[in-house]
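Topology and contacts: notes
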Amino acid sequence: MRMYDIIVKKRSGIALSEEEIRWMIAEYTKGNIPDYQMSAFLMSVYFQGMTDEETAILTDAMAGSGERLDLSSLPGVKVDKHSTGGVGDKTTMIVAPIVAACGCTVAKLSGRGLGHTGGTVDKLESIPGTQTSLAKDEFLDVVRRTGIAVTGQSGNLAPADKKLYALRDVTATVDSIPLIAASIMSKKLAAGSDCIVLDVKTGSGAFMKTVEDSIRLAQKMVAIGVRNGKKIAALITDMDVPLGYQIGNALEVEEAVRTLKGEGPEDLTEVSLALATQMLLLADKGDMDECRSLARQAIDSGAALEKLAAMVEGQGGDSDYVYHPEKLGRASFEGEFQAKESGYLAQMDAEGIGIAASLLGAGRETKESTIDPLAGIILLKKTGDAVKQGETIARLLTSEEAKLDGALRRFGEAVAISPKAPRKHPLIYARVTEQGVE
Ligand code: URA
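Quantities reported herein were computed from a predicted structural model and do not represent experimental measurements.

**Focus on the overall build of the protein chain**
- Secondary structure assignment for the protein chain yields 17 helices and 14 strands.
- Here the protein chain has a C-alpha radius of gyration of 21 Å; the compact-globule value for 438 residues is 22 Å, and the two agree.
- Expressed as a percentage of its 438 residues, the buried residues of the protein chain come to 56%.
- Long-range contacts, defined here as pairs at least 24 residues apart, represent 77% of the contacts in the protein chain between residues at least 6 apart.
- With the model as given, the accessible surface of the protein chain reaches about 17600 Å², and the carbon-plus-sulfur share is 49%.
- For the protein chain, the distance from the average position of its 50 positive side-chain charges to the average position of its 61 negative side-chain charges is 2 Å.

Structure below.
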């Protein structure tokens, strides 16, 4: 078989055979296909797309390119969630403890932040002592003892995706629905859970900017999950505006804890409860109303907060920080962004806010950059709120004073004030399951 012929075929819009896809992924993972040929292939997929059949085979080939986690020794129904990435999205730290407190088993692999989006692993690491590169046996042991663990992805999980994603990142081929679907689902399949809930973000801070594209992506991923025997559902949720009011690693831990204490912001609480409900529903814990009420009770009783503390403790961290997140501390330098005029906050572009947080030190420019765990942004106003000239819209925090000016400038470019109140966006647009779109 020749990679050249596969490129020509895909470039001409002809569907590839299973043998061709499996050969290509195996050879690329081994280093036998050069990046320039794979780049040409990815660009052909970007323009020609892939059939559902091709996407499913590609996903399976990528999932099988390395180790597959075997969770069968763990008790209970294993449930997983995945967000396509956003700004201020700390839902894993809320949802995973809720469903674990309701008797589900959560053995979750999470990522680090890159670019304008944050990652759960970085957030958890802002809790002193918390280990996020657990060896497989350690990871399974924490889950067995506490019902929940969240660790970083080992290098050998879907290694084909690791190579392909790095290449897509520099060849302008990230935002292709079949490539995103195969990338995400290959990791989810290799991670071994029985039930998967996908949080597909839509809007300015998401990969998919329109609801229609987000639904198409969700449908592809749900179809792949069903084909592989998984119970799977997706929610399409808003990422035009950051989720919650705090962006940055320790700041997000603090807000997640507040939400687990029942004192979180409305949008974050609602999205978290909706995701937890879907996970409990897939795990057969009751009907929709029962699952929602189970999730609510896990917050109200304090059981979910205790689960987060048990997980942190199990992973070597100090759970005192979970009960008293104010002990995480505040960055030394602070700048305030004030409204230049009176009116309504008409726009708070999530991507721009994420970049401003990153400039403060909360994110990394490259995979090698180090993170300032205390850096970030506290929003005092969000889209739709009335503001007066001179009123503070946000507080920007960093441990390096020199970073404040650039971040304040970038923050300013992301917000707009208008005399008229903007139209309100829904928080949750749709649910996608095997049965269709609701
Ligand atoms: N997240 C992933 O893991 N892969 C993609 O392609 C996009 C988002």
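**A few points about the site of the ligand**
- Contacts to the ligand come from Tyr165, Arg168, Ile180, Ser183, Ile184, Lys187 and Phe207.
- Arg168 places a side-chain nitrogen or oxygen 2.9 Å from an oxygen atom of the ligand.
- For the ligand, an oxygen atom lies 2.4 Å from a polar atom in the side chain of Lys187.
- In isolation the ligand offers 240 Å² of accessible surface; the protein chains occlude 90% of this area.
- Mapped onto the shell around the ligand, the elements with two or more residues apiece are helix H8 (159-170) and helix H9 (177-191).
- At four residues, H9 tops the list of elements feeding residues into the shell around the ligand.
- A breakdown of the residues in the shell around the ligand according to their chemical character gives four nonpolar, one polar and two charged.

**A word on the packing of aromatic side chains**
- Following the criterion strictly, the structure yields two aromatic pairs and no others.
- Aromatic pair Tyr46 and Phe47: ring centres 5.2 Å apart, planes at 80°, arrangement edge-to-face.
- By relative accessible area, Phe47 is classed as exposed at 65%.
- Judged by centre distance (5.1 Å) and plane angle (55°), the rings of Phe337 and Phe411 are tilted.

**With respect to the pattern of salt bridges**
- Applying the stated criterion across every chain, the model contains 32 salt bridges.
- With a closest N to O distance of 3.3 Å, Arg145 and Asp141 form a salt bridge. Here Arg145 pairs with Asp141, and both are found in helix H7 (residues 136-146), just four residues apart, close to one helical turn.
- Its relative accessible area of 55% is what places Arg145 among the exposed residues.
- For the salt bridge of Asp300 with Arg296, the shortest nitrogen-to-oxygen distance reads 3.7 Å. With Asp300 and Arg296 both in helix H13 (residues 288-300), this residue pair falls four residues apart, about one helical turn.
- Using a relative accessible area of 56% as the deciding quantity, one classes Asp300 as exposed.
- Connected via shared salt-bridge partners are Glu18, Arg22, Asp60 and Arg68.

**Points about the pairing of strand E9 (residues 376-379)**
- What you see with E9 is no split at all: Gly376 and Ile378 on one side and Ile377 and Leu379 on the other are buried throughout.
- In terms of strand pairing, strand E6 (residues 246-247) meets E9 through two bridges, oriented antiparallel. Bridging across to E9, Gln246 finds its partner in Ile378.
- Summarising the sheet, E9 and strand E11 (residues 392-398) pair through four bridges and their orientation is antiparallel. By the bridge assignment for E11, Ile377 is matched with Leu396.

**As for unusual backbone geometry**
- Even without being a glycine, Ala158 presents a positive backbone phi close to 45°.
- Examined against the element boundaries, Ala158 turns out to sit in the loop between strand E3 (148-152) and H8.
- Ala158 sits in the buried class, given a relative accessible area of 1%.
- A positive phi angle, close to 55°, is found at Ala172, a residue other than glycine.

**Focus: the nonpolar core**
- One finds Ile98, Met348, Ile377, Ile393 and Phe411 to be the most contacted residues of the largest nonpolar core, which totals 76 residues.
- Here this core gets nine residues from one element, more than from any other, and that element is helix H12 (residues 266-282).
- Ignoring any residue separated from it by four or fewer positions in sequence, one finds Ile377 in contact with Tyr245, Gln246, Ile247, Leu251, Ile353, Ala356, Ala357, Leu360, Ala394, Arg395, Leu396 and Phe411.
- Membership of the second largest hydrophobic core comes to 23 residues, among which are Leu16, Ile33, Leu42 and Leu164.

**Quick word on H12**
- With 17 residues, H12 extends 24 Å from end C-alpha to end C-alpha; this agrees with the ideal 24 Å at 1.5 Å per step.
- Downstream of H12 by one or two residues, Asp284 has phi in the positive range, about 60°.

**Regarding the packing of helix H4 (residues 52-63) against H9**
- For the pair H4 and H9, interaxial distance at closest approach is 8 Å and the crossing angle is 45°. When the axis of H4 is compared with that of H9, the two are oblique. Judged by the twist between their axes, the crossing of H4 over H9 is right-handed. For the pair H4 and H9, the contacting residues are Thr55, Leu58, Thr59, Met62 and Ala63 in the first and Pro178, Leu179, Ala181, Ala182, Ser183, Met185, Ser186, Leu189 and Ala190 in the second.

**A few points about the sheet that holds strand E1 (residues 79-83)**
- Read from one edge of the open sheet, five strands run E1-E4-E5-E13-E14, paired in mixed fashion. At either margin of the open sheet sits one strand with a lone partner, and together these are E1 and strand E14 (436-437).
- Along the sheet face, H9 touches E1, strand E4 (195-202) and strand E5 (231-238) and points at about 160° away from the line of E1.
- On top of the sheet, helix H10 (residues 211-227) reaches E4, E5, strand E13 (428-433) and E14; it is set at about 165° to E5, its chief contact.

Conventions and cut-offs
Residues numbered from 1 in each chain as written. Predicted model: local features only at pLDDT ≥ 70, side-chain atom pairs only at ≥ 80, totals over all residues. Heavy atoms only, no water. Helix = DSSP H or I, 4+ residues; strand = E, 2+ residues; numbered from the N terminus. Rg over C-alpha atoms; globule rule 2.2 N^0.38 Å. Buried < 20%, exposed > 50% of the residue type's maximum accessible area, 1.4 Å probe, protein only. Contact = heavy atoms within 4.5 Å. Areas by Shrake-Rupley, 256 points an atom, 1.4 Å probe, with all protein chains shown as cover. Lys, Arg positive; Asp, Glu negative; His and termini not counted. Charge placed at Lys NZ, Arg CZ, Asp CG, Glu CD. Near = heavy atom within 4 Å. Polar contact = N/O pair within 3.5 Å; in protein donor to acceptor, adjacent residues only side chain to side chain. Nonpolar A, V, L, I, M, F, W, Y, C, P; charged D, E, K, R; others polar. Phe/Tyr/Trp six-rings, centres within 6.5 Å; stacked < 30°, edge-to-face > 60°. Salt bridge = Lys/Arg side-chain N within 4 Å of Asp/Glu carboxyl O. Pairing = 2+ DSSP bridges. Core = buried A, V, L, I, M, F, W, Y, C linked by side-chain atoms within 4.5 Å. Expected span 1.5 Å × (residues − 1). Axes fitted to C-alpha atoms, helices over the stretch in contact; angles between N-to-C directions. Parallel < 35°, antiparallel > 145°, perpendicular 65-115°, else oblique. Left-handed = near helix turned anticlockwise from the far one by under 90°.

Read these as geometric descriptors, not functional statements.
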